[in-house]
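Chain residues, written in single-letter form:
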Amino acid sequence: QVVTTLVRNAVLQADFFSLVRDELVPKAVYMTAQGKAELFNITAISEISADLGLYKLFSNEPLPHSVLVQVLGADVTVEVEKVWGGRYGGATPDYRGNGGSTEFLLFDGASGFHGHTKSGALYYTNAMEHTLACMETSAMGAKAVAKLVAKRLGWKSNKASGSGYGDEL
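One numbering rule holds for all chains: residues counted from 1, following each sequence as written. Residues qualify for local features only when their pLDDT is at least 70, as the model is predicted, and side-chain atom pairs are given and counted only at 80 or more; totals for whole chains, interfaces and linings, by contrast, use all residues. Hydrogens and water molecules were not included; the side-chain quantities draw on all heavy atoms of the structure.

Describe the overall build of the protein chain, naming the residues involved and giving the relevant values.
A run of DSSP states H or I qualifies as a helix once it reaches four residues; a run of E qualifies as a strand once it reaches two. Both are numbered from the N-terminal end. When its secondary structure is counted, the protein chain shows 3 helices and 7 strands. Put simply, the protein chain runs from its N terminus to its C terminus through helices and strands in the order β-β-α-β-β-α-β-β-β-α. Using a 1.4 Å probe on the protein chains alone, a residue whose accessible area is under 20% of its type maximum counts as buried, one over 50% counts as exposed, and one in between counts as partly exposed. Burial statistics for the protein chain: of 169 residues in total, 24% are counted as buried.

Quick look at the structure:
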């Protein structure tokens, strides 16, 4: 399982991370396997807003308030804690192939017109995320959806480019 915790009024505690107070405190901390094991199974800490002291943390288990105080200061307040996982999987990919797949086109307002209309549609850029999880996959999905939208709006044709290669979806 993966737990996402969003906190406010947080200040990354330099002493906790053995940083000199005058050094620049990082906006994000990512853990190695060894660091994760030593740091309450926290995988990542990311600053979202310095003004609000807003941070997002990822961990394997919900984090006790005492841990948050050690890492993010005495004024830290939990805004949201979301546990991903359970019977149907969660925020991590299903590498055993038991998950379902999602189509890029979730809703087609042109049903019955075979996509030959500019009616509304709903696309999902991360359709491959159920099987794979990485930024490159998300970028590929976003590119595929951008091409589908461009085709739907008539900005892109199916004709082969001058190179003799088509721009397949």
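How would you summarise a nonpolar patch on the surface if you had to cite specific residues and measurements?
Two distance rules govern patches: like charges are joined within 9 Å, and nonpolar side chains (Val, Leu, Ile, Met, Phe, Trp, Tyr) within 5 Å, applied only to residues with over 30% relative accessible area and no salt bridge. To be clear on the numbers: accessible area is Shrake-Rupley with a 1.4 Å probe, and residue cover counts the displayed protein chains and nothing else. Salt bridges, as used here, are contacts in which a Lys or Arg side-chain nitrogen is within 4 Å of a carboxyl oxygen on Asp or Glu. Residues L106, F107 and L122 make up a contiguous nonpolar surface patch of about 310 Å² in total accessible area. When you line up the elements, L122 lands in strand β7 (residues 121-123).

Break down the pattern of salt bridges for me, with residues and values.
Side chains that differ in charge, positive against negative, can pair when their charged atoms come close. Summed over the entire model, instances satisfying the criterion amount to 2 salt bridges. With a shortest N-O distance of 2.1 Å, R8 and E79 are connected by a salt bridge. A residue pair is termed long-range when its members are at least 10 positions apart, and R8 in strand β1 (residues 2-8) and E79 in strand β5 (residues 77-84) qualify at 71 residues. Among the ionic pairs, E47 bridges to K27, the shortest N-O distance being 3.3 Å. Of this pair, E47 sits in strand β3 (residues 42-49) while K27 sits in the loop between β1 and β2 (28-30), and the two are 20 residues apart along the sequence.

Can you lay out the pairing of strand β4 (residues 54-59) for me, pointing to particular residues and giving the numbers?
Bridging between β1 and β4 involves 5 bridges; their strand directions are antiparallel. Following the sheet pairing, V3 is matched in β4 by S59. Note on pairing: two strands pair once DSSP finds at least 2 bridges between them. In terms of strand pairing, β3 meets β4 through 6 bridges, oriented antiparallel. If you follow I45 over to β4, its bridge partner there is L57. Count of turn residues in the β3/β4 antiparallel hairpin: 4 residues, of which G53 carries a positive phi of about 65°.

Can you break down the packing of aromatic side chains residue by residue, with the values?
Centres within 6.5 Å are what make two rings of Phe, Tyr or Trp a pair, Trp counting through its six-membered ring; a difference in plane orientation under 30 degrees is then read as stacked, over 60 as edge-to-face, and the rest as tilted. According to the stated counting rule, one finds 1 aromatic pair in the structure shown. Between F16 and F17, the aromatic rings sit 5.2 Å apart at their centres with planes inclined by 80°, giving edge-to-face as the arrangement. Relative accessible area serves as the criterion here: at 27%, F16 is assigned to the partly exposed category. Using a relative accessible area of 22% as the deciding quantity, one classes F17 as partly exposed.

Requested: an account of the sheet that holds β3, with residues and values cited.
The sheet built from 5 strands is open, its strands ordered β2-β3-β4-β1-β5 with antiparallel pairing. At either margin of the open sheet sits one strand with a lone partner, and together these are β2 and β5. Across the sheet, the axes of successive neighbouring strands diverge by a mean angle of 15°, strand direction being ignored. Axis definition: a line fitted to C-alpha atoms, limited for helices to the stretch in contact. Angles are taken between N-to-C directions and run from 0 to 180 degrees.

Give a description of unusual backbone geometry that names residues and reports values.
Phi is positive for N9, close to 55°, though the residue is something other than glycine. Looking at the secondary structure, you find N9 in the loop between β1 and β2. Residue N9 is classed as partly exposed on the basis of its relative accessible area, which comes to 36%. Positive phi values are uncommon outside glycine, yet S18 reaches one of about 60°. In this structure, S18 sits in the loop between β1 and β2.

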